[in-house]
Each structure stands twice: as C-alpha cells, then as structure tokens.
Amino acid sequence: GYLKDRLSKTRAKINSSLSSIIVLGRKIDDELIEELEETLISDDIGVETTDKIIDDLRIAYKKKEIQKTDDIIPFLKNRMKDYWPERDRQLNTAESGPTVILVAGVNGSGKTTSIAKLAFNLSSAGNNVIVAACDTFRAAAVDQLSIWSERIGVQIIKHKQGSDPAAVAFDACEAALARNADFLIVDTAGRLHTQQHLMKELEKIKSIIAKKIPGSPHEVILVVDGTTGQNAIAQAVNFTKSINVTGIFLAKLDGTARGGIVLAIKDQLDIPVKFVGLGEKPEDIAEFEPGEFVEALFG
Ligand code: GDP
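Heads up: these notes are all about the structure in this document.

About the thresholds
Residues numbered from 1 in each chain as written. Predicted model: local features only at pLDDT ≥ 70, side-chain atom pairs only at ≥ 80, totals over all residues. Heavy atoms only, no water. Pairing = 2+ DSSP bridges. Helix = DSSP H or I, 4+ residues; strand = E, 2+ residues; numbered from the N terminus. Axes fitted to C-alpha atoms, helices over the stretch in contact; angles between N-to-C directions. Contact = heavy atoms within 4.5 Å. Near = heavy atom within 4 Å. Polar contact = N/O pair within 3.5 Å; in protein donor to acceptor, adjacent residues only side chain to side chain. Areas by Shrake-Rupley, 256 points an atom, 1.4 Å probe, with all protein chains shown as cover. 1 Å grid on protein atoms, 1.4 Å probe; cavity = no way out; pocket = protein on both sides within 12 Å on 5 of 7 lines; lining within 4 Å. Sits in = over half its atoms within 2 Å of the grid points. Nonpolar A, V, L, I, M, F, W, Y, C, P; charged D, E, K, R; others polar. Core = buried A, V, L, I, M, F, W, Y, C linked by side-chain atoms within 4.5 Å. Buried < 20%, exposed > 50% of the residue type's maximum accessible area, 1.4 Å probe, protein only. Salt bridge = Lys/Arg side-chain N within 4 Å of Asp/Glu carboxyl O.

1. Notes on the sheet that holds strand 1 (residues 99–104)
Next up, step 1: Taken in spatial order, the 8 strands of this open sheet run 3-2-4-1-5-6-7-8, and their pairing is mixed. Edge positions in the open sheet fall to strand 3 (155–157) and strand 8 (285–287), since each of these has one partner strand only. The sheet shows a mean angle of 25 degrees between the axes of neighbouring strands, taken without regard to direction.
Next up, step 2: The sheet contact formed by strand 2 (residues 129–133) and strand 4 (residues 183–187) spans 5 bridges and is parallel. Across the sheet, the residue bridging to alanine 132 is valine 186, located in strand 4.
Next up, step 3: Its contacts with the sheet put helix 11 (residues 261–269) on strand 6 (247–251) and strand 7 (273–277), and the angle it makes with strand 6 is roughly 155 degrees.

This is how it looks when you write it as structure tokens:
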C-alpha cells in the first residue's frame, strides 16, 4: 500500500540488515542477539528502545517463546506495536468552538508544508479551517503560507512581513470565533535573532491565544525533520525545554532510510508522534498508526 511504498527506503535498510543476521537454521545465541542489538541501533531505533526490546527478547528466548530464527521478526513487530497507547493517536480537540493548533519547528524542517497538509486533511474531512501566518520574521514565510492556503482552499489570516506575530494571533482568534471555525492552525517562527527571543515569542503567542480562546491551544505540534535522525530528537528536546509540546509531526519520512527514529522518539521524548509526512503534496500525510507503521517497516 501507500505507507509501505513511502517507507520503502527505511524498510529496505531494516530488511537488508536483519536478513544477514536472521538466517534460516541459524542458532539463537548471545552472538546473534548482540548482532541484532547493533543492527537495531544502526537503524535509528535508539539505544534505549533497543535495550528494552533486546532484554525482552532474551527473556522470551529463555522461556522458549522464541525457539527459531523465524520467530524473531514476529516477536519484534509485536513488541514494537505494544509501545504506543491508544490515547496517543488522537488530536486533542475543543469541546466546543475552535480547536487551536500551534505549530512550531525550525526552518527547513518542513513546517509550512506540514501545516498545509494538516489544514488540507482537516478541511477534506469537512471542517472549517483557518490558518494564521504568525511566522512574520522570515522573508517569504507569509507568502508561502498564502500560496498553500489558496491551493488547498482554506482561509488565512495574515499581516505584512515583519509585523507583530501576537497581533496576527489576536486577529486570527477573533476570525476563528466570528466565522465559527472548527480549527485554527497557527504557524510560528522557526528562527529569530536568538533562541531565547524565539521561545519568548512562542510563549507570547500562546498566552494571547489562551486569553482569546480559553483552554487553547489544544495542541502544540512540533514539526521535526525525520531525515536528520538523532538530530531531530536533539531539536525537539530543545523546544520542549521552553514550550509544552503535545505532539510531533514527523516530516519527510519518505525521503529517508531513518524511519526507525519514530521508535526512538517514543522513548527519548515520550511525546506522541501524531502525524507523519510522506511526500511533498498536501495529501502526503498520515495519522500515525503504530500497527500499520511497524508492518510497513518490517514488512
Ligand atoms: P519550513 O522551512 O520548515 O517551512 O519547510 P518547508 O515546508 O518549506 O519544506 C522544506 C522542504 O521540504 C520543501 O522542499 C518541501 O517540499 C520539503 N518537504 C516537506 N515535507 C516533506 C515530506 O514529508 N516529504 C518530502 N519528500 N519532502 C518534504
């Protein structure tokens, strides 16, 4: 299917490394388990995640739940699928009135494209969606979001480049309330003069939104570039120091063999991946569904 196709680079990498270890008729022993451990780490699954899985594998082997190499991949798949609780997958929404989604992420992560995908996904499902162009710092960010909003047919609230992002957020909230929007998606700056300045601005936008629409933002989504492996995690850690991130949009998974990072994110950040980006078009978005994902990675 689509997911398998888009994750084919990661799947090819994982399969080729596993197939050299999991050879038919080979005995399961410490050496094999160690090779497996190294492989999973090199597949970006992360040290902590790998340790847990390998520990469980050793126990399962001792209990004779696993007896032959053929049992290993099904075991890994089941173990990985168990990682994500159900609650992780849903978007937090408002009980009534507009649901506000604040979107953050460094420049180049895929933030603008991911906002367009999210807006397209929600409006295609019949929702009234407004996007707010609060990334007023970067030249062309407002223009880029305008082009996307026109292309996918959603409303946009914008001021000119360089204007006060808090004022844009204020207007966007008024518009969302007046026009009975179901979703307001707020773009924010990916970079300012300093990191501290950036975090302050995010806080300011957040507090204005919260004042205008009590209980919001309902989600703070961080867009991270899936092609950067462990760097993506370091970036996310940096954001979570100053803003309460409620979900990750893992972008560009189609262009990378490092899709295993989704497991590392779970363990190292404990922030749910809610969406994945699988291409450059607005429809190239998937809600993160662990079962399907693991099947696509180890299929
Ligand atoms: P921003 O600077 O963070 O707003 O990033 P953009 O949204 O402008 O995206 C940067 C580049 O990454 C663009 O060329 C996008 O087309 C590309 N891009 C974004 N998301 C994806 C994705 O999921 N898959 C692929 N292949 N490319 C993507």
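We are not done yet, so read on.
2. Regarding the site of the ligand
Next up, step 1: Taken together, 17 residues lie around the ligand, and Gly108, Thr112, Thr113, Asp254 and Glu280 are the ones closest in.
Next up, step 2: Between lysine 111 and the ligand, the recorded distance is 2.8 Å, taken from a backbone N or O atom to an oxygen atom.
Next up, step 3: Side-chain polar atom of glutamate 280 to an oxygen atom of the ligand: 2.6 Å apart, as the coordinates give it.
Next up, step 4: Contact with the protein chains hides 78% of the accessible area of the ligand, taken as 580 Å² for the molecule alone.
Next up, step 5: Its atoms largely coinciding with the cavity grid, the ligand occupies the largest pocket.
Next up, step 6: Per-element tally for the shell around the ligand: the top contributor is helix 6 (residues 111–124), with 4 residues.
Next up, step 7: Within the shell around the ligand, the residues separate by chemical class into 2 nonpolar, 9 polar and 6 charged.

3. Notes on the nonpolar core
Next up, step 1: By size, the foremost hydrophobic cluster in this structure holds 78 residues, and its most contacted members are Ile248 and Leu250.
Next up, step 2: In terms of residue count, helix 8 (residues 165–178) provides more of this core than any other element does, 7 residues in total.
Next up, step 3: Each residue touching isoleucine 248, except ones within four places of it in the same chain, is listed here: Ile221, Leu222, Val224, Ala236, Ile265, Leu269, Ile271, Pro272, Val273, Lys274 and Phe275.
Next up, step 4: If you look at the next biggest cluster of nonpolar residues, it comprises 24 residues, including Ile115, Val131, Ala133 and Phe183.

4. Some words on the pattern of salt bridges
Next up, step 1: Under the defined criterion, the tally for this structure stands at 17 salt bridges.
Next up, step 2: Of the charged contacts in the structure, one is a salt bridge between aspartate 267 and lysine 52, with a shortest N-O distance of 2.9 Å. With a gap of 215 residues between them, aspartate 267 in helix 11 and lysine 52 in helix 4 (residues 47–62) connect regions that are remote in the sequence.
Next up, step 3: Taking relative accessible area as the criterion, aspartate 267 reaches 15% and is therefore assigned buried.
Next up, step 4: Exposure remark for lysine 52: the relative accessible area of 37% places this residue in the partly exposed category.
Next up, step 5: Through salt bridges with shared partners, a single network forms among Lys111, Asp135, Arg138 and Asp187.

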